[in-house]
Amino acid sequence: MTQTSFTPRVFSGIKPSGGLQLGNYLGAIKRFVGMQGSMETIYCVVDMHAITVWQDPKDLANGTREVAAGYLAAGLDPAKSILFNQSRVSAHAELAWIFNCVARVGWMNRMTQFKDKAGSNAEKASLGLYAYPSLMAADILLYHATQVPVGEDQKQHVELTRDIAAKFNHDYGVNFFPMTEPVIDGPATRVMNLRDGTKKMSKSGESDMERINMLDDADTIAKKFKKAKTDPEPLPETVEGLATRPEARNLVEIYAALDDTTPEAVIAQYPGAGWGTFKPALADLAVAKLAPISTDMARFMADPAEIDRILSQGAEKARAIATPILQKTYDIVGLLRD
Ligand code: AQP
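Treat the numbers as computed from the prediction; the structure is a model and nothing was measured.

### Thoughts on the environment of I184
Now for step 1: Take I184: it is sitting in the loop between strand 5 (181-183) and helix 9 (218-227).
Now for step 2: Owing to a relative accessible area of 25%, I184 belongs among the partly exposed residues under this scheme.
Now for step 3: For the pair formed by I184 and P16, sequence separation is 168 residues and the distance between their alpha carbons is 21 Å.
Now for step 4: Those residues in contact with I184, other than ones at most four positions away along the chain, are R31, V150, G151, E152, K155 and T189.

### Overview of the domain arrangement of the protein chain
Now for step 1: For the protein chain, the assigned domains are domain 1 (9-189 + 303-333) and domain 2 (215-290).
Now for step 2: Listed per partner, the contact involves 7 residues of domain 1 and 11 residues of domain 2.
Now for step 3: The contact between domain 1 and domain 2 buries some 670 Å² in all, and 73% of this surface belongs to carbon and sulfur atoms.
Now for step 4: Taken as a group, L22, K30 and P187 account for 63% of the area that domain 1 buries against domain 2, more than any other trio of residues on that side.
Now for step 5: Along the contact surface separating domain 1 from domain 2 lie 1 salt bridge.
Now for step 6: Between D260 and K30 there is a salt bridge; the shortest N-O distance is 2.4 Å.
Now for step 7: Summed over the shared surface of domain 1 and domain 2, the result is 2 residue pairs in polar contact (both at pLDDT 80 or more).
Now for step 8: If you tally residues by element for the side of domain 1 that touches domain 2, the top one is helix 1 (residues 22-35), at 4 residues.
Now for step 9: Considering only residue class, the side of domain 1 that touches domain 2 consists of 5 nonpolar, no polar and 2 charged.

### A word on the site of the ligand
Now for step 1: Looking at the ligand, there are 24 residues lining it, with S17, K117, D153, K203 and S204 nearest.
Now for step 2: Note that an oxygen atom of the ligand is positioned 2.3 Å from one of the side-chain N or O atoms of K117.
Now for step 3: Between the ligand and G151 there is a distance of 2.8 Å, counted from an oxygen atom to a backbone nitrogen or oxygen.
Now for step 4: In the complex, the protein chains occlude 98% of the 650 Å² of accessible area that the ligand would expose alone.

### Some words on helix 10 (residues 246-258)
Now for step 1: Spanning 13 residues, helix 10 covers 18 Å between terminal C-alpha atoms, matching the ideal 18 Å at 1.5 Å per step.
Now for step 2: Most of helix 10 sits inside the fold, with 10 of its 13 residues counted as buried.
Now for step 3: Restricting attention to buried positions, one finds in helix 10 the residues E247, A248, N250, L251, V252, I254, Y255, A256, A257 and L258.
Now for step 4: Considering only its buried residues, helix 10 is in contact with helix 1, helix 9, helix 11 (263-269) and helix 12 (275-301).

### Looking at the nonpolar core
Now for step 1: In this structure, L22, Y71, F225, I254 and F278 are the most contacted members of the largest nonpolar core, which totals 60 residues.
Now for step 2: When residues of this core are assigned to their parent elements, the largest contribution, 11 residues, is made by helix 12.
Now for step 3: Excluding anything up to four places from it in sequence, F225 contacts L22, L194, I212, L251, I254, K279, L282, A283 and A286.
Now for step 4: By size, the runner-up hydrophobic cluster in this structure holds 47 residues, among which are Y132, I140, A315 and I321.

### Focus on the pairing of strand 3 (residues 81-85)
Now for step 1: Among the 5 residues in strand 3, 5 count as buried, and that is most of the element.
Now for step 2: By the alternation rule, side chains of strand 3 split into S81, L83 and N85 and I82 and F84, which are all buried.
Now for step 3: Relative to strand 3, strand 2 (residues 40-45) is paired through 5 bridges, and the arrangement is parallel. Bridged to T41 within strand 3 is S81.

Rules behind the numbers
- Residues numbered from 1 in each chain as written.
- Predicted model: local features only at pLDDT ≥ 70, side-chain atom pairs only at ≥ 80, totals over all residues.
- Heavy atoms only, no water.
- Helix = DSSP H or I, 4+ residues; strand = E, 2+ residues; numbered from the N terminus.
- Buried < 20%, exposed > 50% of the residue type's maximum accessible area, 1.4 Å probe, protein only.
- Contact = heavy atoms within 4.5 Å.
- Domains from an automatic or database assignment.
- Buried area = accessible area lost by both parts, 1.4 Å probe.
- Salt bridge = Lys/Arg side-chain N within 4 Å of Asp/Glu carboxyl O.
- Polar contact = N/O pair within 3.5 Å; in protein donor to acceptor, adjacent residues only side chain to side chain.
- Nonpolar A, V, L, I, M, F, W, Y, C, P; charged D, E, K, R; others polar.
- Near = heavy atom within 4 Å.
- Areas by Shrake-Rupley, 256 points an atom, 1.4 Å probe, with all protein chains shown as cover.
- Expected span 1.5 Å × (residues − 1).
- Core = buried A, V, L, I, M, F, W, Y, C linked by side-chain atoms within 4.5 Å.
- Pairing = 2+ DSSP bridges.

Below, the structure written as structure tokens:
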């Protein structure tokens with residue numbers, strides 16, 4: 001089997017570890033929607049990843065529905081994409097175990113996300129947080145996905161997925177798992193924290209002021225951009241002038257991503273503008289783009305039974321692809337099955 005014999009297929013996911021934030025939208029969901037229709041697309045709410053750090057059970061169930069509502073409100077269509085939550089398809093956990101036995105401890109030790117999240121208290125982190133990349137490899141390879149749209153922060157995990165696939169294929173003398181490509185493109189592959197331009201925006205960041213939540217109202221969005229940290233200089237005349245200005249670059253990139261344009265075009269529109277001009281313009285644009293999505297999210301969230309129905313139907317479709325791939329994996333490994 002050659003690489004070209006794998007059917008093009010997209011897989012990606014978001015973990016329900018808090019409310020969706022602008023980075024999840026620009027770095028992931030907006031791009032998921034862009035790939036829908038061009039090939040088979042599978043988008044998952046990765047609830048089993050969320051519990052690698054403590055989640056209150058009620059918040060987790062609610063958060064799972066919120067991410068699903070975000071998918072639907074942003075334009076993912078269950079008739080065109082498979083939408084489901086990970087724990088409904090037990091094959092993810094089963095393949096992850098096999099990959100735990102393929103991946104090497106040294107590989108996991110290099111994962112920067114574990115270091116960032118576990119911090120100086122790694123001894124107290126869950127084993128699940130450490131093994132997270134192995135479950136992520138299972139999520140992707142269970143569907144023989146060839147492409148994974150992700151933000152910049154997940155690149156290392158997709159590279160590890162390729163290492164796991166290559167080692168599995170090599171150890172068992174097969175060409176069974178594809179070499180999945182990360183798809184990281186566009187102006188906002190790493191949206192930064194509004195209070196510190198050197199850290200990425202996150203759902204679980206300490207202060208709510210550091211992120212724009214997808215469910216923030218117009219006043220809150222305006223307030224957060226107004227208070228966003230910047231240097232005192234106005235915008236430069238050319239985009240090169242942003243190179244050493246992380247906070248300014250972040251705001252310009254957010255504007256570009258929301259407006260489906262480039263940072264160059266934004267600078268051409270606002271050359272030398274002061275923050276008193278640019279920040280309100282950015283807030284207006286964000287509200288115009290996000291308000292229809294948040295309104296729709298709230299509408300979907302008001303009918304949790306409908307979300308559950310969509311996720312359950314999606315899981316059935318996901319199982320139909322995953323089951324034969326898992327069974328074949330068992331056969332390759334030599335695990336007896338019915
Ligand atoms: N700041 C970001 N800029 C661009 N893309 C981002 N993503 C997350 N933050 C940014 C992308 O969103 C997708 C889903 O991410 P995830 O929820 O699975 O995990 P994460 O990257 O750890 O997201 P968060 O929001 O930072 O969650 P917490 O705080 O719980 O860890 C991925 O494609 C990711 O790249």
